Amino acid sequence: MDSQDLMNFVIGVASTVAGGGILALLFFFLREKCFSLPNMAGCWEVEMRTAKTDYRPYENMVLRYVAMLWRDGSRIRGTVEKIYENSSTGERTYTGEERTRGEIEGYIDKRYFSKDRICIHIVEEGKRREFTHLHELKMEKPGRMAGTFCSMAADSQGEATWRKESSSKPDS
């Protein structure tokens, strides 16, 4: 192997390493800036509209919750409190100790060629018993998710909408 062959080998290795580094930086930039996971952290208003149920008083019921979420990678965790109910038994707003609380776990299914899919499982401590809701949502736009839910409370199903509450407050 003469000096020209050695020089060509060194140049080939250096260009391969440099090209690999540039490609890695490009993929990192695309993942972080163009295809990043949605920002889930913060306060969300959740509305559930019951379409089908085994318990007649829950037909067409509207429930509202306030949820606090945070994200760890693609995993979602948080808490939820029921703040409003409108059913055939009447309309109620819940405050303080009247609110039922729950725990949230879920995940983000990152989609590169369609809207991200979010699956959220809520375990709520009801007045009489514990029950669960499962929400299958799509990120419609930043700060808004919509989809369906099913609940073990009266085997209910319907539509769910999540809206992120604005953190901006007017200046005092």
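Quick note: structure is the one above.
Being a predicted model, the structure only gives us computed values, none of them experimental.

What counts, and at which threshold
Residues numbered from 1 in each chain as written. Predicted model: local features only at pLDDT ≥ 70, side-chain atom pairs only at ≥ 80, totals over all residues. Heavy atoms only, no water. Helix = DSSP H or I, 4+ residues; strand = E, 2+ residues; numbered from the N terminus. Rg over C-alpha atoms; globule rule 2.2 N^0.38 Å. Buried < 20%, exposed > 50% of the residue type's maximum accessible area, 1.4 Å probe, protein only. Contact = heavy atoms within 4.5 Å. Areas by Shrake-Rupley, 256 points an atom, 1.4 Å probe, with all protein chains shown as cover. Patch = residues over 30% accessible without salt bridge, like charges linked within 9 Å, V, L, I, M, F, W, Y side chains within 5 Å. Salt bridge = Lys/Arg side-chain N within 4 Å of Asp/Glu carboxyl O. 1 Å grid on protein atoms, 1.4 Å probe; cavity = no way out; pocket = protein on both sides within 12 Å on 5 of 7 lines; lining within 4 Å. Points joined across faces, edges and corners; volume = space filled by probe spheres on them. Nonpolar A, V, L, I, M, F, W, Y, C, P; charged D, E, K, R; others polar. Lys, Arg positive; Asp, Glu negative; His and termini not counted. Pairing = 2+ DSSP bridges. Core = buried A, V, L, I, M, F, W, Y, C linked by side-chain atoms within 4.5 Å.

S.K.: Tell me what's going on with the overall build of the protein, and back it up with residues and numbers.
M.R.: Of the regular secondary structure elements, the protein holds one helix and nine strands. Across the protein, helices and strands are ordered from the amino to the carboxyl terminus as α-β-β-β-β-β-β-β-β-β. Relative to a compact globule of 172 residues, whose C-alpha radius of gyration would be 16 Å, the protein shows 24 Å and is clearly more extended. Projected onto its principal axes, the C-alpha coordinates of the protein cover approximately 90 × 45 × 25 Å. Evaluated residue by residue, the protein yields a buried proportion of 31% over its 172 residues. Put simply, of all contacts in the protein between residues at least 6 apart along the chain, 43% involve residues at least 24 apart. Taken as a whole, the protein presents about 11,400 Å² of accessible surface, with 54% of it coming from carbon and sulfur.

S.K.: Before we move on, could you go through a nonpolar patch on the surface and cite the residues and values that matter?
M.R.: A surface patch of nonpolar side chains, amounting to about 650 Å² of accessible area, comprises Met1, Leu6, Phe9, Val10, Val13 and Val17. Summarising the element assignment, Leu6 is placed in helix 1 (residues 3-34). Since its relative accessible area comes to 45%, Leu6 is described here as partly exposed.

S.K.: Describe the layout of surface pockets, naming the residues involved and giving the relevant values.
M.R.: Taken as a whole, the largest pocket encloses approximately 640 Å³ of empty space. Forming the walls of the largest pocket are 28 residues, and the residues nearest its centre are Tyr58, Lys82, Glu85, Arg128 and Phe131. Listing elements by their share of the lining of the largest pocket, those giving two or more residues are strand 1 (42-52), strand 2 (62-72), strand 3 (75-87), strand 7 (130-141) and strand 8 (144-151). Among the elements that take part in the lining of the largest pocket, strand 3 stands out by supplying three residues, more than any other. Among the residues making up the lining of the largest pocket, the classes are represented as 12 nonpolar, eight polar and eight charged.

S.K.: Can you lay out the side chain of Glu124 for me, pointing to particular residues and giving the numbers?
M.R.: Along the chain, Glu124 turns up in strand 6 (residues 117-125). One buried charged residue, Glu124, forms no salt bridge at all, with the nearest opposite charge on Lys82 at 4.3 Å. With residues near it in sequence (within four places) discarded, Glu124 still touches Tyr65, Lys82, Thr100, Arg101, Gly102, Arg129, Glu130, Phe131 and His133.

S.K.: An account of unusual backbone geometry is requested, with residue identities and associated values reported.
M.R.: Positive phi outside glycine occurs at Ala154, with the angle close to 60°. For Ala154, the position within the fold is in the loop between strand 8 and strand 9 (156-164). Phi is positive for Asp155, close to 45°, though the residue is something other than glycine.

S.K.: Tell me about the pairing of strand 1, residues and numbers included.
M.R.: Here eight bridges tie strand 1 to strand 2, and the two strands are oriented antiparallel to one another. In the sheet register, Met48 faces strand 2, and the bridge partner there is Leu63. Two elements, strand 1 and strand 9, share eight bridges in a ladder whose sense is antiparallel. From the neighbouring strand, Met48 faces strand 9, where its bridge partner is Ala160.

S.K.: Give me the pattern of salt bridges: which residues, what numbers.
M.R.: Per the stated rule, a full pass over the model turns up 13 salt bridges. One salt bridge connects Glu105 with Arg77, and the closest N-O pair in it is separated by 3.4 Å. Of this pair, Glu105 sits in strand 5 (residues 101-109) while Arg77 sits in strand 3; the two residues are 28 residues apart in sequence, bridging distant segments of the chain. Under the relative-accessibility criterion, Arg77 is labelled partly exposed at 41%. Between Glu81 and Arg101 there is a salt bridge, and its shortest N-O distance comes to 2.6 Å. One end of the pair, Glu81, is in strand 3; the other, Arg101, is in strand 5, and 20 residues separate them in sequence.

S.K.: Outline the nonpolar core, listing residues and values.
M.R.: Counting 22 residues, the largest nonpolar core has Met40, Ile104, Ile118, Ile120, Met145 and Trp162 as its most contacted members. Of the residues forming this core, the biggest block, four residues, is contributed by strand 2. For Ile118, the residues in contact, after removing those within four places along its chain, are Met40, Ile76, Tyr107, Ile108, His135, Glu136, Leu137, Lys138, Met139 and Met145. Listed in part, the five residues of the second largest apolar core include Cys43, Val62, Ile83 and Tyr84.

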